[in-house]
Structure formats: C-alpha cells, structure tokens
Amino acid sequence: MTRRLAEVARQVGVSEATVSRVLNGRSGVSASTRAAVLTALDVMGYERPTQLRGERARLVGLVLPELQNPIFPALAEIMGNALAQQGFTPVLCTRTAGGVSEAEYVELLLQQQVSGVVFAGGLYAQADAVHSHYHHLVERRLPTVLINAAVDHLGLPQVSCDDAVAVEQVVGHLSSLGHEKIGLVLGPSDHVPSQRKLEAFRSYAAKLGLPVLDELVEHGMFSIEGGHAAAARLYPRGATAVLCASDLLALGAVRAARRQGLSVPEDISVVGYDDSALMNCTDPPLTTTRQPIEAMGRAVVELLVKRINGGEVAAEELLFAPELVVRGSTARRTA
C-alpha cells in the first residue's frame, strides 16, 4: 500500500498524504487534485477503493484499427490533444490480427470506468460483423462517438466525411481529363463507407453519361496488397483510371500498374482517399481526397465531452466536406 501511495504521489506531483486523503474520501483536497489522483490510479492499473468505483475516471478510450494506415495515428493525435485540453486522458486501444478484439477492449475500458469511448475504422462499419458490444455501450449509457459511416441500427452519434461529395469530386476530375472507363477499388463488400462510394459513383457517373459496369468494381482488404490485387484485375478490363477507397489501396494500384508494364499517370490515373501523411512524397505524388480530420477530430471530442457532462447529443451523423487534392497521379487520357 505504501509503495502504491508513493508511485501515485510521484505521478501526480503531490504528497503521499494527499493521495491517502483522496483514497479514503476525506476532505481538504481540491476537485482538480482529486481527479488527477483518480486518473493516475486508472492509468497505472491500480484498482480504485470500493467507495470510489462508481465514479467515472477522466479517461476516454480511443479504439482504432492497426496503426499502419497513417490516417489513424493522425486522428489519434488530434483527438488526444483535444481531450487533454478538456482534462481527459486518452487510452489508445489498437486492434491487430490475432490480438485483443474490439469487444474485449470494450470490456477492459468498462472495467477502468472510462468516461467515454471513440471508435474509428471499427466493426460498426461492417454490416456482417457482430455489433453486440456497441449495443452494450448504449445500454450502459456510456458516451460513445463513431468516426465515419456506420450500420443504421446502432443509435450512436457519428462524425463522417461525406463520401458522396468525395466521389463526385473525383469523377468530375477524371471525366474532365477524358476518362470514361473508371474503375473502383473499394473495401470489403459489407463495408458501409465503400457501399456509399459505390452508390454515389453509380448515380453520378450515370448523370455524366459514363459507363457503369460491374466488371469495373473490385473489393479488397484495406492494404497495399489488397489494392494491388484488386487493381490488377481491373486493368485488363480496360479501366483507364481508378478511384480507390484509401491511400493504401491507391499505392497498391500504382504498384499493380507498374507490374503490368503500365505508367502512372500516362497510362493509368489513380486517385486515393484520406490524404494521409507523405502522399505528396510518393512517386508520383498521389492525387487524393482529403478528409478534414482536424475538424472531424475536434467535433468528435466536442460531442463526447458534451455527452459526458450530461448534455443531450442526438444519434445522428455530422457530415464534413472533403477536398480533392490534385497531384501527379492523374493526367489527361492520351489514347
């Protein structure tokens, strides 16, 4: 017990006596110091005293997929900074193949008495996945916000980039360059944002009089390898441009073109999605859709903190406008 007091006191920068007063529920400690001590207990993995367990820690879980996609570390940094400004400590939970599952992370976060949870790139975006852990959070009334499109029945607020606007910008750009046979490299077929992109493409391409062919749509995993495999199937079917659902998929599409002896952008134009870090440094620099992650991340924290503080937050979707960033991977069709 003495060792625990000393470690927590060092972490917070107060005396052991102050930590003892907080743990025993005694007066004489400011609210900010008390909150700092309890947060330190949670962060360091110590169990709260029984009489304090009903109180929420000033911790917020950030549940993300693997951090190989640069967009997710960038989001985590933005939200972490915004949470810290509000006096909350972010707890980063990353999913990896064969590692801790999303549902298991939810249980761990509930045990730590977190104040809220944010999900990005999670199972909520996959129609065929298990969603019971989200329903559990709703039943517990734990403040929760989702980033980007989700299945319809979860009843949780969402902050999303507008997929329909993004697709219209890309198709308009490629059409202006003379491309008619535009292929799509999307995520898994049950992935809701990919479904939205496909629906928007079919609608807008038809308005422009462009061919809408099922043979020019491919689905794959969100990785360079997934993009390579999907694009390699598209090129022999006559696609002269490819719209990809992520920057990693687009990098795979560029690699597939080169493996088939094609040049980007002279033979094939490629467009990504996210505008994640270093996409202006690729060869060629990648034309891509920029998600406004700064504004989205801050909106997520604003909604979450409002809900934590007892405010009402509607279970609706806030749509943020994307921006097409034209670089060197798209060019006018020459043949």
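Here the structure is a predicted model, which means the values were calculated and not measured.

**Describing the packing of helix α9 (residues 224–234) against helix α10 (residues 247–259)**
Where α9 meets α10, the axes come as close as 6 Å, and the angle between the chain directions of the two elements is 50 degrees. The pairing of α9 with α10 is recorded here as oblique in orientation. The interaxial crossing formed by α9 with α10 has right-handed handedness. Contacts between α9 and α10 pair I224, E225, G226, G227, H228, A231 and A232 from the former with L248, L249, L251, G252, A253, R255, A256 and R259 from the latter. In terms of residue class, the contact of α9 with α10 is made up of 8 nonpolar, 4 polar and 3 charged.

**Focus on the side chain of H173**
Residue placement: H173 occurs in helix α7 (residues 163–176). Ignoring any residue separated from it by four or fewer positions in sequence, one finds H173 in contact with T287, L324, V326 and T330.

**Observations concerning the domain arrangement of the protein chain**
Annotation of the protein chain at the domain level lists domain 1 (1–52), domain 2 (59–161 + 292–320) and domain 3 (163–291). Placing a centre on the C-alpha atoms of domain 1 and another on those of domain 3 gives a separation of 53 Å.

**Description of helix α11 (residues 293–308)**
When the terminal C-alpha atoms of α11 are compared, their 22 Å separation across 16 residues agrees well with the 22 Å that a helix rising 1.5 Å per residue should span. Buried residues of α11: I293, M296, G297, A299, V300, V301, L303, L304 and V305, and no others. Summarising the contacts, the buried residues of α11 are in contact with β1 (59–64), α4 (71–85), β3 (116–120), β4 (144–147), β5 (158–161) and β11 (317–320). Residue G310 follows α11 closely and has a positive phi angle near 95 degrees.

**Things to note about the side chain of D163**
Mapped onto the elements of the fold, D163 is located in helix α7. Not counting residues within four places of it along the chain, the set of residues in contact with D163 comprises P193, R196, K197 and Y273.

**Considering the nonpolar core**
Within the largest apolar cluster, 51 residues are counted, with the highest numbers of intra-cluster contacts made by M79, V118, F119, Y124, L146 and I147. Within the residue set of this core, elements represented by two or more residues are β1, α4, α5 (102–111), β3, α6 (132–139), β4, β5 and α11. When residues of this core are assigned to domains, at least three fall in each of domain 2 (59–161 + 292–320) and domain 3 (163–291). Core analysis: the second largest hydrophobic core is formed by 38 residues, I182, V217, A231 and L243 among them.

The rules behind the values
Residues numbered from 1 in each chain as written. Predicted model: local features only at pLDDT ≥ 70, side-chain atom pairs only at ≥ 80, totals over all residues. Heavy atoms only, no water. Axes fitted to C-alpha atoms, helices over the stretch in contact; angles between N-to-C directions. Helix = DSSP H or I, 4+ residues; strand = E, 2+ residues; numbered from the N terminus. Parallel < 35°, antiparallel > 145°, perpendicular 65-115°, else oblique. Left-handed = near helix turned anticlockwise from the far one by under 90°. Contact = heavy atoms within 4.5 Å. Nonpolar A, V, L, I, M, F, W, Y, C, P; charged D, E, K, R; others polar. Domains from an automatic or database assignment. Expected span 1.5 Å × (residues − 1). Buried < 20%, exposed > 50% of the residue type's maximum accessible area, 1.4 Å probe, protein only. Core = buried A, V, L, I, M, F, W, Y, C linked by side-chain atoms within 4.5 Å.

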